[in-house]
Amino acid sequence: MSNPLLQDHLLPPFSKIKPEQVEPAVDQLLAECRAVVETVLDGNDAPDWNNLVVPLEQSHDRLAKAWSPVSHMNAVVNSDELRDAYNACLPKLSQFWTEMGQHQGLFEAYDKLANSEAYSQLDEAQRKVIDNTLRDFRLSGIALGAADKQRYGELQQKLSDLTTKFSENVMDATDGWSKLISDEAELAGLPQSALASARQLAEAKGEAGWLVTLDFPSYYAVITYADNRELRRELYEAYATRASDQGPDAGKWDNSDLMTEILTLRAELAQLLGFENYAAYSLATKMAETPEQVVSFLNDLAGMSRPQAEKEYQALQDFALEEFSEPELESWDISYYSEKLKQARYAISQEELRPYFPMAKVLDGLFNITGKLFDIEIEEVTEFDRWHKDARLFNISREGELIARFFLDPFARAKKRGGAWMDDCRVRRVDNGVLQLPVAYLVCNFNPPVGDKPALLTHNEVTTLFHEFGHGLHHMLTRIEYADVSGINGVAWDAVELPSQFLENWCYEAEALALISGHYETGEPLPQELLEKMLAAKNFQSGMMMVRQLELSLFDFQLHREYKAGVTNIQAVLNRIRSEVAVITPPAFNRFQHSFSHIFAGGYAAGYYSYKWAEVLSADAFSRFEEEGVFNTATGRSFRENILEMGGSKEPMALFVAFRGREPSVEALLRHSGITA
Ligand SMILES: [Zn+2]
């Protein structure tokens, strides 16, 4: 019997894939991949591109093409059977990639190739493939001596246990506190939807009344809307002291010791691999080159944003005093009065904007804008094998030649994961002279059409669509022929959001809004007055938001850069950075860092700065369009050729400089955020 996952298809045969075929296909493909490794190493004294890299890439691509529809369908048309099949394969796949990353024979073959005459004959993208592979081998400790290698393994294992425990503590501390409220008057100010959720939470526990918890939606509703100041204070204290030595559950799920252990082991790991500290280790795979560069980047932004943040904070204090006779703001008052001030200044809701953004008009505008900028035509294909009736397929071509395809799955429904994302279905590569076209999945969760009304988007949703389409274009417009550095593959982590955030800019340009908006009944474009309100609301308290993000980024980066076991005090580092950057000083009991999972449990250790870094790149790239015209085709071509087409084939700084004519400047981001130095 033939398994559709093992056959060659131009596009995945979604409707023919059965859950019971998944695991056998993955088993067979993994066995093939392992066999290829044996074959390419067997008696290979002179590894070169064609006898080493190409056969490996072919086998990995076959695996990727079989797995992509499985993982996609698991996310968008989930079923118990498919989930079981998917989960059964995950450990096998992760085991395989670990095995490849630790493969001594493969490492030696790549190392030999990199030091051979053949290497210098390769083109730049091919050399980048080999360099990246060797870098990743080294970062996984393969080049260490036996004793160090063993220590490396122990450190990784311990870190994995400790960071898991950190997350568990945060989760338990979050779940471990709640407050049952029996008098609705105590919740005055909360929106109806939040009250309904609180009632539901109480009911689920068999209680009468309203339950408030430390889960973010519940916390957010109270801290932003509750008129009851004592309730806000109580919730703030519980939330800001989770998993720490302070607050109502002090010491119960305390992360203090885990944090110092994690930092100690990370510092040792970095030094074992030859880096001065963990911050330097983190940068080995990023666009930023040195710790000094990251710190001065963050400090520059802070210096320029802080005066504005102070002004905004003063305005908030004045507002609270004048309108509410509140002479002194505490940490639990900030969100509350900020929301009141925002409503007073720009009463505008996303719901008001919906009628102006029918999905068909938005898509048409998006295709029109990117068509002009990047010289492409986008056309829908109606006949194709789909996973759900809502799925759509589009062809991208240039001068009549097909160059890429993408699927769009726009609407929310049951059995579909929330959020929006772009994922890779096929990567662009050339195999024995045959070109494989790139294919992307674009997935959103918009409200489906109701009755005879078309699907209507909020402006936030329009921006999300542009963002994901930016990732999509990075994947689809690439001209690179080697899978490992083609499209979004091999792009440094702090540069990967450049094309996506970049494309969002068109959602705020009057000229572009004329193309993407049109009232679904009258066709009238977004009125000037609504547009102006929307733009003004966009930058509300942007200075305060900026310095808060910089405080977190600097804390994360400096802590990982300067940490010395037994010497460094985490709270002291945070206090120092706050005194340099922040405009709001939280109460002494605040232990925000004890639940900062991004850096203590997630992948953002010494990498939290990446959010701001990518924003600077995208804003600065867009500023060239502001200078030369937002629909300037020559500028669009330059962005396409220097950024979108190049994938991960060169260092991102070199690509940026090729497009912008200089290194990135923070000026555009500050200006777009309404911050003027
Ligand atoms: Zn993104």
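Attention here is on the structure that accompanies the text. Computed from a predicted structure; not experimentally measured. (Residues numbered from 1 in each chain as written. Predicted model: local features only at pLDDT ≥ 70, side-chain atom pairs only at ≥ 80, totals over all residues. Heavy atoms only, no water.)

Before going further, it helps to spend a moment on the coordination of the zinc ion. At 2.1 to 2.7 Å from the zinc ion lie its protein donor atoms, namely His-467 (NE2), His-471 (NE2), Glu-497 (OE) and Glu-497 (OE). Coordination geometry of the zinc ion: the four donor atoms subtend angles of 51 to 141° at the metal centre, consistent with an arrangement described as irregular. Written as a sequence motif, the donor arrangement for the zinc ion is H-x3-H-x25-E. Here the residue His-467 and the residue His-471 both occupy positions in helix α17 (residues 459-476), the gap between them amounting to four residues, near one helical turn. Of the two residues examined, His-467 and His-471, each falls in the buried class. (Donors = N, O, S within 2.8 Å, 3.2 Å for Na, K, Ca; no water. Tetrahedral: all angles 85-135°; square planar, octahedral: opposite > 155°, others 65-115°. Helix = DSSP H or I, 4+ residues; strand = E, 2+ residues; numbered from the N terminus. Buried < 20%, exposed > 50% of the residue type's maximum accessible area, 1.4 Å probe, protein only.)

Glancing now at unusual backbone geometry. Here the phi dihedral of Lys-415 falls at roughly 65°; this positive angle occurs in a residue that is not glycine. Looking at the element boundaries, Lys-415 is found in the loop between β5 (401-411) and β6 (421-426). Look at Ala-606: it is not a glycine, yet its phi comes out positive at around 50°. By the secondary structure assignment, Ala-606 is in the loop between α23 (597-600) and α24 (610-628). Judged by its relative accessible area of 0%, Ala-606 falls in the buried class.

This part is about the packing of helix α2 (residues 49-76) against helix α3 (residues 80-101). The contact between α2 and α3 brings their axes to 11 Å, and the two run at 145°. For α2 against α3, the interelement crossing comes out left-handed. Taking contact as the criterion, the partners of His-60, Leu-63, Trp-67, Val-70, Ser-71, Met-73 and Asn-74 in α2 are, on α3, Leu-82, Arg-83, Tyr-86, Cys-89, Leu-90, Leu-93, Phe-96 and Trp-97. Here the contact of α2 with α3 is composed, by residue class, of eleven nonpolar, three polar and one charged. (Axes fitted to C-alpha atoms, helices over the stretch in contact; angles between N-to-C directions. Left-handed = near helix turned anticlockwise from the far one by under 90°. Contact = heavy atoms within 4.5 Å. Nonpolar A, V, L, I, M, F, W, Y, C, P; charged D, E, K, R; others polar.)

Under the 1.5 Å per step criterion, the end-to-end length of helix α1 (residues 19-41) is 34 Å for 23 residues, consistent within 8% with the ideal 33 Å. Turning to α1, its buried residues number three or more, namely Gln-21, Val-22, Ala-25, Val-26, Leu-29, Leu-30, Cys-33, Val-36, Val-37 and Val-40. Residues of α1 that are buried in the fold lie against α2, α3 and α4 (104-114). Once α1 finishes, Gly-43 follows within two positions and takes phi at roughly 60°, a positive value. (Expected span 1.5 Å × (residues − 1).)

Structurally, the position occupied by Gln-436 is in strand β8 (residues 434-436). Of the polar contacts made by the side chain of Gln-436, one reaches the backbone oxygen of Val-427; its length is 2.9 Å. Apart from the residues lying within four places of it in its own chain, the contact partners of Gln-436 are Asp-61, Lys-65, Arg-426, Val-427, Arg-428 and Arg-429. (Polar contact = N/O pair within 3.5 Å; in protein donor to acceptor, adjacent residues only side chain to side chain.)

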